[in-house]
Amino acid sequence: MNAPREDRRCLAFLVLAVVPLAGCGGSQNALAPESHQARDIATLFWWMMGGAWVGLGLVVGLLLWSWKRRNRRGFGRDVEGDKPGEKRSWYAVVVLGIVMPIAVISTLFVVSDLFVIKTTQAPASTTTKLTVQVIGHQWWWEVRYPGTTAVTANELHIPARTPVRVEVKTADVIHSFWVPELNRKIDTIPGRSNVVELDADQVGRYRGQCAEFCGLQHAHMAMYVFVDEPSAFRRWLAQQEKPVEAPSSALAERGARLFLDGPCSSCHAIRGTDADGYVGPDLTHVASRATLGALTVSNTPDDLRQWILHSQQAKPGNQMPDFNASGARLDALVAFLEGLK
Amino acid sequence: MTAVTHDEVHAGPAPPPTGWRRLLAPGWLRVPWMTALFFGIGAGITVLVRWLEGWDPIWKGSVITTVELTAVPFGFLAGIGGFDYWMRYAAGSPTRPEDHSGHGARSWRDYFRINTDHKVIGIQYLVTTIFFFVAAGLLAMLMRAELARPGMQFVDNQTFNGLFSVHAALMIFLFVIPAFAGIGNYVIPLMIGAPDMAFPRLNALSFWLLPIAGFMMLGSFLAPGGAFASGWTGYAPLASTHQPIGSVFFNMGVQWAGASSIMTALNFLVTIITMRAPGMSFWRMPLLVWANFTTSLLVVIATPFIAGSQFFVMFDHVMHTHFFDYQAGGYPLGYQHIFWFYSHPAVYIMMLPGFGIASEVISVMSRKPIFGYRLMALSLLAILVLGFSVWAHHMFVAGMAPWLRVPMMVTSMVIAVPTGIKVFSWLATLWDGRIHFDTPMLFALGFVSMFVIGGLSGIYLAAVPIDIHTSDTYFVVAHIHYVLFGGSLFTIFAGIYFWFPKMTGRMYDERLGKLHFWLTFIGFNLTFFPMHWLGIQGMPRRVADYVPRFADLNMFISLASFGLGASTLVFVYNMVKSWRFGPAAAANPWRSLTLEWQVSSPPPIFNFDEIPQVVGNPYEYGVPDARHAVFNGDRQVELEEVPTR
């Protein structure tokens, strides 16, 4: 891990910025890159940061210097011939105002357009072993693995050290898929599919968040990217491909009937049953997920129960109506869903 | 041939109406019933058509709202008298061109009616825009209160989304753009030696469109379903299909504000081209005039594009057309192209007049000629041209054709050159100057330094690899506030303080002015600088809630922003107090050469009792015997008293 280096940078920024800073390190941080693309971007960022401070220092320095000299000599009072400082000022304006910007931006253009941008570009469909589809919905993410039957929501599992082609689409409005520690962001545009590559170095969990304002619950539309060892990833995918097994207890059995006969199945699909709704997330392996409601609440039995009863409180305006179930029916439903590992 | 006097073809001044006839005279008594009448006509036609066609329901909210947001403002304008002259002219009734009863202000009441005096209109503009500035600032305070801690505390998501949308829309369309138009309105005719704007009645009408647009946008909070909440960018298809009726208030508000902008810009263009005093060649115009000339060109060319984009969205929303519905063959990315084709030039519409104000203030207060006058003017024109070729840099993350990034990146970066010329020319103007740190100068220098930060972060955003990471994050929020607050707002303040003595005839309180500057400068940096860091750390913008690890920094920003908000109180207090009780101002307290300072404070009703003759450049401070203009009557006397004490 390169945590110490990152701390140093945090410190450097802190000293330069002279503002109290929080949140150095941790997740969803573009300056804690965990892939070669994000690393290239972060490096360019730090170089530009240095340049920007030099530029600002130059301007503010000249301002302060002029201030210091403000009473040295009133300009032009009864001065004949050449105005004092005129020539020097012309050099300064031409060099600092014209030559310097052109030199700096040309360099920047070459570096960013010819080198850095290449690494962040979308891969062709043949160059990666794995393609994943991510579909933005108001306000959750649907994740599909083409070539398999696996469908999940709000979490994306990928193997480590393997380039993965991520196709992003949308079911409604424009969203933006962004996992800062892994790569650039890319918008999901209705009617098209945009592509971005994820190639994570490290096993771990990375937070992503919708970055294009997409309406009411835009703030609560996040996702996790789980980077696993390739073998663990294959096991996970095989498990996700399976349809559900028969409920293990009588309680869960009752829950399953409630799910299929009640309103749940009109919006949610569970592979291996008759439930094939497509408005809400596929729930075939819902119990294996870390969170509910696109990282709004964690996925524990208690939270699940609360979510079913009062999802409109936790995430007002989401597509799922509050489900008024009595205690016993709710117990059955939760038991069924908790069995969907 | 007998001379035809005006009395024979035109009626004389109208006698003041009495009794019930006062209801017919243009003014606030005619407004209520005229507005109601137009409301009735709008609703009546809509209902009648729907009834005849057999459409159900006959009274449909979205349709009625759309129709009334057009009809009611026309009723208001007709009531207050915006169209009286033209209606009379069109109908062939006697007109009264020589009746100047609608010109100038003799009491405070004259500021609340159709007034054709550009000086009155300028003040109307400024007071109105400051009202909306305070309103939009309060919305920002509410936002910061909500964002102080993670989780939802004060408002729900819908309200929060409305807050940031209305905040941005008001600040852009009802503050920055028209505030510059207000300063320009007051100063430009004076600066070029003209008695008024070219089209005084059009000028009056374009002012009265503004409060309509502003209250329409604010009023959307009262609409069922809440305010428009798709951001001021209103991206389709979010804005065209997934919004409450409040979004029509935004679509129509933009039309009214945009029409106002376009009409004012045309007025500026015609005034500047045709009404300059004798001797005032283009290369003798003060830079603020150049800036307003360039800005007006931008407005006239670009504003119709946002008008179009908002009409398309409204049609999709209300009439179920399919401009941006891909399932019916629409093109969602098309919205962004049209929108940014206006909205990037709009950034320069909001910045170039500020460049002009900074040039005036810095030159006068350094007692030196502005450095590189011609290059300064030409770089404005360069920005005008380049400004139209960079729009798609707002769309690097949208997945448009990859090759488009190259021209957009190049043009975006090239704008650094004319901007660099301007920044270093200001610095060269300061160099060796006798710098006077009055409040306008503090704001102008604050602008130069803060705008440089905004410009540098702009280069980050022009560089595709950085932009694809930082776009739609708080980094962008920081960037636009450094440009629009550190840039535009600081120069608006500089302009208001600078011309306050000219506008009101009174001097503002210098101590309070300085206090206002330092509070604003410090509060501004403490509020917006940390946002760069939040953004690069991964906090998206336009979120009502965020992960706990951003909590400390957000709390800090919120506290700083309350301080920044409070600094506005100092400004408002200073303005109100000084306007009423301030010491009388001299005609030329800054010892400036430009024409507006050569007349009394405030100026006579038609600006110049005699036509000035422009004989030199406007910025020859400290150059012996230099004059910008002379007045015929006292050429000899004035030439001996060169005002460069």
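Rules and cut-offs
Residues numbered from 1 in each chain as written. Chains lettered and ligands numbered in written order. Predicted model: local features only at pLDDT ≥ 70, side-chain atom pairs only at ≥ 80, totals over all residues. Heavy atoms only, no water. Helix = DSSP H or I, 4+ residues; strand = E, 2+ residues; numbered from the N terminus. Rg over C-alpha atoms; globule rule 2.2 N^0.38 Å. Buried < 20%, exposed > 50% of the residue type's maximum accessible area, 1.4 Å probe, protein only. Contact = heavy atoms within 4.5 Å. Buried area = accessible area lost by both parts, 1.4 Å probe. Salt bridge = Lys/Arg side-chain N within 4 Å of Asp/Glu carboxyl O. Polar contact = N/O pair within 3.5 Å; in protein donor to acceptor, adjacent residues only side chain to side chain. Core = buried A, V, L, I, M, F, W, Y, C linked by side-chain atoms within 4.5 Å. Pairing = 2+ DSSP bridges. Axes fitted to C-alpha atoms, helices over the stretch in contact; angles between N-to-C directions. Domains from an automatic or database assignment. pLDDT = per-residue confidence, 0-100. Parallel < 35°, antiparallel > 145°, perpendicular 65-115°, else oblique. Left-handed = near helix turned anticlockwise from the far one by under 90°. Nonpolar A, V, L, I, M, F, W, Y, C, P; charged D, E, K, R; others polar. Expected span 1.5 Å × (residues − 1). Bend = angle between axes of the 7 residues up to and from the residue.

Visitor: I'd like a description of the overall build of chain B, backed by residues and values.
Guide: Looking only at helices and strands, chain B features 21 helices and two strands. Relative to the 2.2 N^0.38 estimate, which gives 26 Å for 645 residues, the radius of gyration of chain B is 25 Å and therefore close to what a compact globule would have. With the C-alpha coordinates of chain B rotated into their principal frame, the extents come out at 75 × 65 × 45 Å. Counting the 645 residues in chain B, one finds 65% classified as buried. Taking the contacts inside chain B whose residues are at least 6 apart along the sequence as the reference set, 78% of them involve residues at least 24 apart.

Visitor: I'd like a rundown of the interface of chain A and chain B, residues and numbers included.
Guide: The partner chain B presents 90 residues to the 93 residues of chain A that form the contact. Taken over both partners, the interface formed by chain A and chain B buries close to 7900 Å², and the fraction arising from carbon and sulfur atoms is 69%. Across the chain A-chain B interface, the total number found is one salt bridge. Notably, a salt bridge pairs Asp432(B) with Arg69(A), separated by 2.4 Å at the nearest N-O pair. On the surface where chain A and chain B come into contact, there are 20 residue pairs in polar contact (both at pLDDT 80 or more).

Visitor: Could you give me a rundown of the side chain of Ser578(B), with the residues and numbers involved?
Guide: Residues and elements named next belong to chain B. When you line up the elements, Ser-578 lands in helix H20 (residues 551-581). For Ser-578, a relative accessible area of 1% gives the class buried. In terms of polar contacts, Ser-578 uses its side chain to reach the backbone carbonyl oxygen of Asn-574, at 2.7 Å. Setting aside residues up to four positions removed in sequence, Ser-578 forms contacts with Phe-500, Arg-506, Met-507, Tyr-508 and Asp-509.

Visitor: Which residues make up the pattern of salt bridges, and what are the values?
Guide: Enumeration according to the criterion identifies 14 salt bridges over all chains in this entry. Between Glu167(A) and Arg165(A) there is a salt bridge, with its nearest N and O atoms 2.9 Å apart. Of the residues examined, Glu167(A) reaches a relative accessible area of 15% and is grouped as buried. A salt bridge links Asp117(B) to Lys119(B); the shortest N-O distance between them is 3.3 Å. By relative accessible area, Asp117(B) is classed as buried at 3%.

Visitor: Describe the nonpolar core, listing the residues and the values that go with them.
Guide: In terms of nonpolar packing, the biggest core is built from 277 residues, with Tyr145(A), Leu156(A), Phe177(A), Phe173(B), Trp426(B) and Trp499(B) touching the most fellow members. Those residues within four positions of Trp499(B) in sequence are excluded, and the remaining contacts are Ile183(B), Val187(B), Met191(B), Leu288(B), Ile357(B), Glu360(B), Glu596(B) and Trp597(B). If you look at the next biggest cluster of nonpolar residues, it comprises 23 residues, including Leu258(A), Val286(A), Leu309(A) and Phe323(A).

Visitor: Now, about the sheet that holds strand E4 (residues 155-159) of chain A: what can you tell me, with residues and values included?
Guide: Residue and element names in this part refer to chain A. Overall, mixed pairing links the three strands, which are arranged E4-E10-E9 in an open sheet. Two strands in the sheet have a free side with no partner beyond their single neighbour: E4 and strand E9 (204-209). Pairs of neighbouring strands in the sheet enclose a mean axial angle of 25°, with direction left out of account. Strands in contact with helix H4 (residues 230-241) are E4 and strand E10 (222-228); relative to E4, the strand with the most contacts, it is inclined by about 135°.

Visitor: How would you explain the pairing of strand E1 (residues 130-137) of chain A if you had to name every residue and give the values?
Guide: Residue and element names in this part refer to chain A. Counting buried residues along E1, seven of its eight residues qualify, which places the element largely inside the surrounding structure. Relative to strand E5 (residues 164-170), E1 runs parallel, the two being bridged by seven bridges. Directly across from Val-134, in E5, lies its bridge partner Val-168. One ladder, built from five bridges, connects E1 with strand E2 (residues 140-144); its direction is antiparallel. Residue pairing in the sheet places Ile-135 in a bridge with Glu-142 of E2.

Visitor: If you had to explain the domain arrangement of chain A to someone new, which residues and values would you point to?
Guide: All names here are of chain A. As assigned here, chain A comprises domain 1 (28-120), domain 2 (130-229) and domain 3 (250-338). Residue-level contacts link 19 residues of domain 2 with 18 residues of domain 3. Taken together, the connections running from domain 2 to domain 3 amount to zero salt bridges. At the surface where domain 2 touches domain 3, the tally comes to eight residue pairs in polar contact (both at pLDDT 80 or more).

Visitor: Tell me about the confidence of the model for chain B, residues and numbers included.
Guide: Residues and elements named next belong to chain B. Residues with a pLDDT of 70 or more make up 95% of chain B, whose mean pLDDT is 90. Long-range and interchain partners of residues 1-10, a stretch whose pLDDT sits below 50, account for five contacts in this model, where long-range means more than four residues apart. Note that residues 635-645 has pLDDT below 50 and, in this model, twelve contacts with residues that lie over four places away or in other chains. Taken together, the chains of this predicted complex give a pTM of 0.91 and an interface ipTM of 0.88.

Visitor: Just give me the short version of the domain arrangement of chain B, but keep the residues and values in it.
Guide: Residue and element names in this part refer to chain B. What the domain assignment lists for chain B is domain 1 (26-91) and domain 2 (98-581). One C-alpha centre belongs to domain 1, the other to domain 2, and the line joining them spans 31 Å. Facing 18 residues of domain 1, the contacting portion of domain 2 comprises 17 residues. Note on domain 1 versus domain 2: buried area summed over both sides is about 1500 Å², and carbon and sulfur give 83% of it. Considering only the side of domain 1, the residues that lose the most area to domain 2 are Leu-69, Leu-77 and Trp-86, jointly responsible for 32% of the buried surface there. Here domain 1 is connected to domain 2 by zero salt bridges.

Visitor: Now, about the packing of helix H2 (residues 36-68) of chain A against helix H16 (residues 439-462) of chain B: what can you tell me, with residues and values included?
Guide: The N-to-C vectors of H2(A) and H16(B) enclose an angle of 165°; their axes lie 10 Å apart at closest approach. Regarding the angle of H2(A) to H16(B), the classification is roughly antiparallel. Regarding H2(A) and H16(B), the two cross each other, and that crossing is right-handed. In contact with Phe45(A), Met48(A), Met49(A), Ala52(A), Gly55(A), Leu56(A), Val59(A), Val60(A) and Leu63(A) of H2(A), H16(B) contributes Leu445(B), Val448(B), Ser449(B), Val452(B), Ile453(B), Leu456(B), Ile459(B) and Tyr460(B). When its residues are assigned to classes, the contact of H2(A) with H16(B) shows 15 nonpolar, two polar and no charged.

Visitor: So what's going on with helix H3 (residues 61-80) of chain B? Residues and values would help.
Guide: Residues and elements named next belong to chain B. Over its 20 residues, H3 extends 27 Å from the first C-alpha to the last, a length consistent with the 28 Å expected when each residue adds 1.5 Å. Of all the bends in H3, the greatest measures close to 30° and is centred on Glu-68. Two residues or fewer past H3, Gly-81 is found with a positive phi of approximately 105°.

Visitor: Can you break down the sheet that holds strand E8 (residues 194-198) of chain A residue by residue, with the values?
Guide: Residue and element names in this part refer to chain A. With respect to topology, five strands assemble into an open sheet ordered E3-E2-E1-E5-E8, the strand pairing being mixed. Bordering the open sheet on either side are strand E3 (151-153) and E8, each of which pairs with just one other strand. The sheet shows a mean angle of 25° between the axes of neighbouring strands, direction not considered. Looking at chain direction, E2 and E3 are connected through three bridges and run antiparallel.

Visitor: How would you summarise the packing of helix H12 (residues 352-366) of chain B against helix H18 (residues 474-504) of chain B if you had to cite specific residues and measurements?
Guide: Residues and elements named next belong to chain B. One can describe the packing of H12 onto H18 by two numbers: an axis separation of 9 Å at closest approach and a directional angle of 50°. Between H12 and H18, the angle falls in the class oblique. In the crossing of H12 with H18, the sense of the turn from one axis to the other is left-handed. Residue-level contacts link Gly-354, Ile-357, Ala-358, Glu-360, Val-361, Val-364 and Met-365 of H12 to Thr-491, Ala-494, Gly-495, Phe-498 and Trp-499 of H18.

Visitor: A description of unusual backbone geometry should follow, citing residues and the corresponding values.
Guide: Cis geometry is adopted by the peptide bond preceding Pro57(B), which originates at Asp56(B) and carries an omega value of -5°. Structurally, Pro57(B) can be placed in the loop between helix H2 (30-53) and H3. Ser601(B) connects to Pro602(B) through a cis peptide bond whose omega is -15°. Of note, the phi angle at Ala294(A) is positive, near 55°, even though the residue is not glycine. As for its position among the elements, Ala294(A) is in the loop between strand E11 (291-292) and strand E12 (297-298). Ala294(A) gets classed as buried once you look at its relative accessible area, which sits at 2%.

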